[in-house]
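Below are the chains, spelled out letter by letter.
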Amino acid sequence: MTADLLEADVVVVGAGPVGLLLAGELCRGGADVVVLEKRRAPSTESRASTLHARTMEILDVLGLLPDLGGPPVEPRGHFGGIPLDLTGPSPHTGQWKVPQTKTEGVLEEWAIALGADIRCGHELTAVTETGGSAGGAQEAGTGAVTGSAAATEPAAGSGSGAAAGYVEAEAVGRDGAVLRLRARYLVACDGEDSAVRRLVGARFPGEDAGRELLRADVDGIDIPNRRFQRLEKGLAIAWRNPAGVTRVMVHEFGSAAQPRTGEAQFEEIAVVWKRVTGEDISGGTPLWVNSFGDASRQLEHYRHGRILFAGDAAHRQMPIGGQALNLGLQDAFNLGWKLALHLRGAAPAELLDTYDAERHAVGRRVLANIRAQALMLLGGPEVEPLRTVLGELIALEDVRAHLAGMISGLDVRYDVGGPAHPLLGLRLPETALSAGGGETSTTRLLREGRGVLLDLRGAADDPLPGADGWADRVDVVAALPKQGGALEGVGAVLLRPDGHVAWAGSGDAGLREALERWFGPTG
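A few points on the structure. (Residues numbered from 1 in each chain as written. Predicted model: local features only at pLDDT ≥ 70, side-chain atom pairs only at ≥ 80, totals over all residues. Heavy atoms only, no water.)

1. As for the overall build of the protein
Logical step 1: Counting secondary structure elements, the protein contains 12 helices and 28 strands.
Logical step 2: Relative to the compact-globule value of 24 Å for 523 residues, the protein shows a C-alpha radius of gyration of 24 Å, a close match.
Logical step 3: Each of the three principal axes of the protein carries a C-alpha extent, and together these read 75 × 65 × 40 Å.
Logical step 4: Split into buried and exposed, the 523 residues of the protein put 56% on the buried side.
Logical step 5: Taking the intrachain contacts of the protein between residues at least 6 apart in sequence as the baseline, contacts between residues at least 24 apart amount to 72%.
Logical step 6: Of the accessible surface of the protein, which amounts to about 21,100 Å², a share of 52% is contributed by carbon and sulfur atoms.
Logical step 7: One finds the centroid of the 51 positive side-chain charges in the protein at a distance of 2 Å from the centroid of its 68 negative side-chain charges. (Helix = DSSP H or I, 4+ residues; strand = E, 2+ residues; numbered from the N terminus. Rg over C-alpha atoms; globule rule 2.2 N^0.38 Å. Buried < 20%, exposed > 50% of the residue type's maximum accessible area, 1.4 Å probe, protein only. Contact = heavy atoms within 4.5 Å. Areas by Shrake-Rupley, 256 points an atom, 1.4 Å probe, with all protein chains shown as cover. Lys, Arg positive; Asp, Glu negative; His and termini not counted. Charge placed at Lys NZ, Arg CZ, Asp CG, Glu CD.)

Here it is in structure tokens:
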């Protein structure tokens, strides 16, 4: 059988929340995107149910908050099971309880409306980068492929220089037919057991799981709610949702992670739950069962030429406090605008290296805090002194604010270069503005998916020097901020499409350099 050939700017592997957010962002930026998903239908399992403040800010910029339907929010989170107030400089602080099925459904509908071509029931079997490289880290194994021949013509939709190289992939459909794909880039968003990572032989150093939590959603049981309750024999967590389904999680102190070829069984969870709590849940109806360990691994590089990685395909961690899903969604938001800008021919491929540099550093920091939390959650009596000391420290406002910023993603600061400024590299909190005789906000301005240069000098008849030449990528807005906000006393600020400050100052020193670095040379 002759395989069909499908051409696109980008192939995204994985139609979970991370892949769907990336696909939508790329389409929003004008890219032609195909998404491959090995599942035949959307998942009915809500593995992750927590969205943090920074992710909610991103969904607000994308205009998707109304589609979530006003989810409940809990101002408290935790650090290693110790209660933590997550209040921070955002209108969306706290833990927002959104079932993963809902998040995925909203993102899927949005991505499809923007033009993403989602192919369910297609399992990736081969991938290779062919021809000239787009730069970026290369590793042993990249370029290896089974069943995919090299080709010479450029990918569809490609701009200048695209013929120098592309990615070829093959996927087997539900009917056994082979789908061949050719694209300028491929992004792996296919989870912790990433097929792309395996096929290209990407190095994924770290540690395997030593301990694990067993987890199940169970209908028909009536047990007390438990918030990280440490009992004599183990850790027990239980929460009953409005539909009457109880999520239980349990770890028996001193037990090791089990080698598994499939998911945990409900009978195993019921036995461990009874040993730890004394309660019998075996008569309940399990709706979903799994286990997750304290493995900690991270790719050496998130960019391998024309193949990039995001979400759990790039890093593996225990999903404590919802950080895993939020970390992945924020990966996608960082990458999407950069790759779209490059595909349009506006920015060089080197812009993609900043994705690797920025998000690898963030991932490394998140994995470190998760390992610390896993130790405090799953450790036995030997960790109680540490928990006591940390509980006392969290009562100090500086410590609380530091941990809350880290968990929520609000304190991320990228190394963006340029003249020093207190705002440089930080995401700009939502700020109310007066502009053009009306009221707006930084969030509304960012909804166009472009850079924003805010001229805050109050001199509308005196254009900011050095800003001409990027009108197709950057909106220049003369505005005045409300008093008392982050922009008070700032003359001008350049925002990247992801809301992070790329430049700030009172004159124009370094402005053109920042525009060129983040938005490419003048048109």
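We are not done yet, so read on.
2. Digging into the packing of aromatic side chains
Logical step 1: Evaluation of the coordinates by the stated rule reveals 2 aromatic pairs.
Logical step 2: Summarising the aromatic geometry, the rings of Tyr 302 and Tyr 355 are spaced 6.0 Å apart at their centres and angled 50 degrees between planes, so their arrangement reads as tilted. Note that Tyr 302 is positioned in the loop between strand 18 (296–298) and strand 19 (303–304) and Tyr 355 in helix 8 (residues 351–378), a separation of 53 residues in sequence. In this structure, Tyr 302 and Tyr 355 share a single accessibility class: buried.
Logical step 3: Here the aromatic rings of Trp 337 and Phe 519 are separated by 6.1 Å at their centres, their planes lie at 35 degrees, and the arrangement is tilted. Pair noted here: Trp 337 is in helix 7 (residues 323–343) and Phe 519 is in helix 12 (residues 511–519), with a separation of 182 residues, a long-range link. (Phe/Tyr/Trp six-rings, centres within 6.5 Å; stacked < 30°, edge-to-face > 60°.)

3. Section: the environment of Arg 365
Logical step 1: Assignment of secondary structure puts Arg 365 in helix 8.
Logical step 2: The class of Arg 365 is partly exposed, set by a relative accessible area of 36%.
Logical step 3: Put simply, Arg 365 and Val 187 are 178 residues apart on the chain and 22 Å apart in space, counted from C-alpha to C-alpha.

4. Concerning the environment of His 360
Logical step 1: Relative to the elements of secondary structure, His 360 occurs in helix 8.
Logical step 2: Through-space distance from the C-alpha of His 360 to that of Ser 282 is 43 Å; in sequence the pair is 78 residues apart.
Logical step 3: Look past the residues within four positions of His 360 in its chain and what remains in contact with it is Gln 298, Leu 299, Glu 300, His 301, Tyr 302 and Tyr 355.

5. Some remarks on the sheet that holds strand 12 (residues 206–207)
Logical step 1: Ordered in space as 12-18-21, the 3 strands form an open sheet in which the pairing is antiparallel. This sheet does not close on itself; its edge strands, each paired only once, are strand 12 and strand 21 (315–316).
Logical step 2: Where strand 18 and strand 21 come together, 2 bridges link them in antiparallel fashion. In the sheet register, Arg 297 faces strand 21, and the bridge partner there is Arg 316.
Logical step 3: Helix-sheet contacts for helix 8 involve strand 12, strand 18 and strand 21, and the interaxial angle to strand 18 is about 175 degrees. (Pairing = 2+ DSSP bridges. Axes fitted to C-alpha atoms, helices over the stretch in contact; angles between N-to-C directions.)

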